[in-house]
Amino acid sequence: MAREEKVEERDLRRYRIKKMIEEIKRKKGRGTELISLYIPPRKRMSDVINYLRQEYATAENIKSDTTRKHVKDAITKVIERLKYYDEAPENGLVVFCGAIPVSGPGTEKMEIYVVEPPEPVNVNLYRCDDHFHTEYLEETLREKEVFGLISIDVNEAAIGLLEGSRIKVLGKYTSGIPGKHRAGGQSARRFERLREMAVHQYFDRVAKHVNEEFLRDDVYPRLRGVIVGGPGFTKNEFIEEADLDYRIKNKIVAVIDTNYSGEEGLREILDRARDILSGMKYVREKRLVDEFLTRLSKRHNMVLYGIDEVVRNIYSGAIDTVLVMEDIDKRYVRLRCPKCGYEKEMILDPSDAMKLEYRPPKCDKCGAEMTIAEEKGLIDYLADKGEEMGFKVVLITPETEHGKIFSQFGGVAALLRYPLNY
Ligand SMILES: [Zn+2]
């Protein structure tokens, strides 16, 4: 279970960065004045700041007054942010900063995005352009996880890694085990015993390599699962009897029948892997949606559904898991009254959230014009609250059967730890 939660967390984190990149990519500068800064893992921040100070000095030469001012303001803002770090985090740091026009010329607002990449970003880059350079960050989002493949029968075996849609063959083995028919003169019992010993030696030889290869430092952290395939029952015996490390055993996500073993068998596994993998994700989602539906009919006080209902109880402490449609298009907005400090939170359609920018509502308490203190996508909002309040957030894929059913309940629901009293 703990492993699944880790995967889930990672999925959500990547999803959020992906959404953020989409947003950043759309932003255009007035001129060549948007800064993209990539800092490699563990780099000393004082070095980066010194470099930025030189860039600041160089910016004096920019001819356009506005561009010069914007570039210098952006560099200052980035330096201010970086001062909090002694060195870059373990995956490095990516910063986007610049003046973004809100409606037309002269309406630019300074925006800054600081991102810790999900994978190490070994790029050292400072660029000033009319758009942000997100390409290296996007690269870190590409599927880098691997699956371990084992294809085995009594005659031969192969192990490999599945990376994206590519198989890297790590080893091929033959067993050298004689067939079922004994040579003349041997006793049947003795023959069986020798054969069994040979099988075990073969299993352990393969298992030893599996352990070595799959537990390597550059593989194991990315190893999302292990699939074992082969004709007949040998693969099951292998799992049961071979000296496989428990960490590898725990990662076995599927055992499948194939026609071939060895390298050919690996390719057969690959053909079916995609279904297995998306299946795994969908099975989890479906299980949660089913749980939601069951509770709805039998213990309806153990669920909440609809955006308002869930958001209203977000601080209750009773929420265990929030299910949310991956394609939900709502914004969270927190308004604040600059005069009396009154705050109001709202979930809105994107178009209504945009209208607030130029038509701010009046404060319920004192009537002053409120300002937007915070704005983000609903999924981001739920994920942040999940971290704060200790509940899980699970994205539901829209184009599935369970997704279609679930979408009829307002796109958001919560499974509770205990009933809420009204
Ligand atoms: Zn007020």
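Everything discussed here concerns the structure shown above.
So, a few notes on the structure that sits alongside this text. (Residues numbered from 1 in each chain as written. Predicted model: local features only at pLDDT ≥ 70, side-chain atom pairs only at ≥ 80, totals over all residues. Heavy atoms only, no water.)

## A closer look at the state of the cysteines
Inspection of the entire model under this criterion finds zero disulfides. With no disulfide of its own, Cys 97 lies 10 Å from the sulfur of Cys 128, the closest cysteine sulfur. Residue classification places Cys 97 among the buried residues on the basis of a relative accessible area of 0%. (Disulfide = S-S within 2.5 Å. Buried < 20%, exposed > 50% of the residue type's maximum accessible area, 1.4 Å probe, protein only.)

## Remarks on the environment of Ala 368
Tracing the backbone shows Ala 368 in the loop between α10 (350–358) and β14 (371–377). Accessibility expressed as a relative area gives 16% for Ala 368, which makes it buried. A C-alpha to C-alpha distance of 46 Å links Ala 368 and Pro 40, two positions 328 residues apart in sequence. Once you skip the residues sitting within four places of it in the chain, Ala 368 turns out to touch Cys 337, Lys 339, Pro 361, Lys 362 and Cys 363. (Helix = DSSP H or I, 4+ residues; strand = E, 2+ residues; numbered from the N terminus. Contact = heavy atoms within 4.5 Å.)

## Digging into the coordination of the zinc ion
Distances from the zinc ion to its protein donors, Cys 337 (SG), Cys 340 (SG), Cys 363 (SG) and Cys 366 (SG), fall within 2.3 Å. Relative to the metal, the four donor atoms surrounding the zinc ion lie at angles of 103 to 118°, and the coordination shape comes out tetrahedral. Sequence positions of the residues that donate to the zinc ion give the spacing C-x2-C-x22-C-x2-C. With a gap of 23 residues between them, Cys 340 in the loop between β12 (331–336) and β13 (343–348) and Cys 363 in the loop between α10 and β14 connect regions that are remote in the sequence. (Donors = N, O, S within 2.8 Å, 3.2 Å for Na, K, Ca; no water. Tetrahedral: all angles 85-135°; square planar, octahedral: opposite > 155°, others 65-115°.)

## Here we look at the nonpolar core
Core analysis: the biggest nonpolar cluster contains 37 residues, and Phe 292, Val 322, Val 324, Ile 328, Leu 382, Phe 406 and Val 412 have the highest contact counts within it. Those elements that provide at least two residues to this core are α1 (2–26), α8 (262–298), β10 (303–305), α9 (307–312), β11 (319–325), α11 (378–389), β15 (392–396) and β16 (412–416). Phe 406 has contacts with Val 289, Phe 292, Leu 323, Val 324, Met 325, Ile 396, Gly 411, Val 412 and Ala 413, leaving out every residue within four places of it along the chain. Of all hydrophobic cores here, the second largest spans 24 residues; its members include Ile 150, Phe 203, Val 206 and Val 219. (Core = buried A, V, L, I, M, F, W, Y, C linked by side-chain atoms within 4.5 Å.)

## Quick notes on the pattern of salt bridges
If you walk through the whole model with that rule in mind, you get 35 salt bridges. Across the pair Lys 19 and Glu 22 runs a salt bridge, and its minimum N-O distance is 3.7 Å. Of this pair, Lys 19 and Glu 22 both sit in helix α1, three residues apart, roughly one helical turn. Two residues, Glu 87 and Arg 42, come together in a salt bridge whose shortest N-O distance is 2.9 Å. Of this pair, Glu 87 sits in the loop between α3 (65–82) and β2 (93–100) while Arg 42 sits in the loop between β1 (34–39) and α2 (45–58), and the two are 45 residues apart along the sequence. (Salt bridge = Lys/Arg side-chain N within 4 Å of Asp/Glu carboxyl O.)

## Here's the deal with the side chain of Arg 295
The topology assignment puts Arg 295 in helix α8. If we skip the residues at most four places from it in the chain, Arg 295 touches His 300, Met 302, Val 303, Leu 415 and Leu 416.

## Let's talk about the sheet that holds β1
Spatially, β3-β2-β1-β4 is the arrangement adopted by the four strands of the open sheet, whose pairing is antiparallel. Of all strands in the sheet, those with a lone pairing partner are β3 (109–115) and β4 (125–129), marking the two edges. For this sheet, the mean inter-axis angle between neighbouring strands, taken without regard to orientation, is 10°. Note: β1 against β2, five bridges, orientation antiparallel. Bridged to Ile 39 within β2 is Leu 93. With respect to the sheet, α2 is in contact with β1, β2 and β4, its orientation differing from that of β1 by roughly 155°. (Pairing = 2+ DSSP bridges. Axes fitted to C-alpha atoms, helices over the stretch in contact; angles between N-to-C directions.)

## A look at the packing of aromatic side chains
The full count for this structure, using the stated rule, is eleven aromatic pairs. Considering the side-chain rings of Phe 203 and Phe 238, the 5.5 Å spacing of their centres and the 80° angle between planes classify their relative orientation as edge-to-face. One end of the pair, Phe 203, is in helix α5 (residues 188–214); the other, Phe 238, is in helix α6 (residues 234–241), and 35 residues separate them in sequence. Like Phe 203, the residue Phe 238 is buried in the burial classification. Between Phe 292 and Phe 409, the aromatic rings sit 5.2 Å apart at their centres with planes inclined by 85°, giving edge-to-face as the arrangement. In this pair, Phe 292 is assigned in helix α8 and Phe 409 in the loop between α12 (401–406) and β16, connecting sequence segments 117 residues apart. Phe 409 matches Phe 292 in its accessibility class, with the two residues each being buried. By the ring-pair criterion, three or more aromatic residues cluster together here, those being Tyr 38, Phe 96, Phe 132 and Tyr 136. Note that Lys 251 overlies the ring of Tyr 220, its terminal NZ or CZ placed 4.9 Å from the centroid. (Phe/Tyr/Trp six-rings, centres within 6.5 Å; stacked < 30°, edge-to-face > 60°. Lys NZ or Arg CZ within 6 Å of the ring centre and 35° of its normal.)

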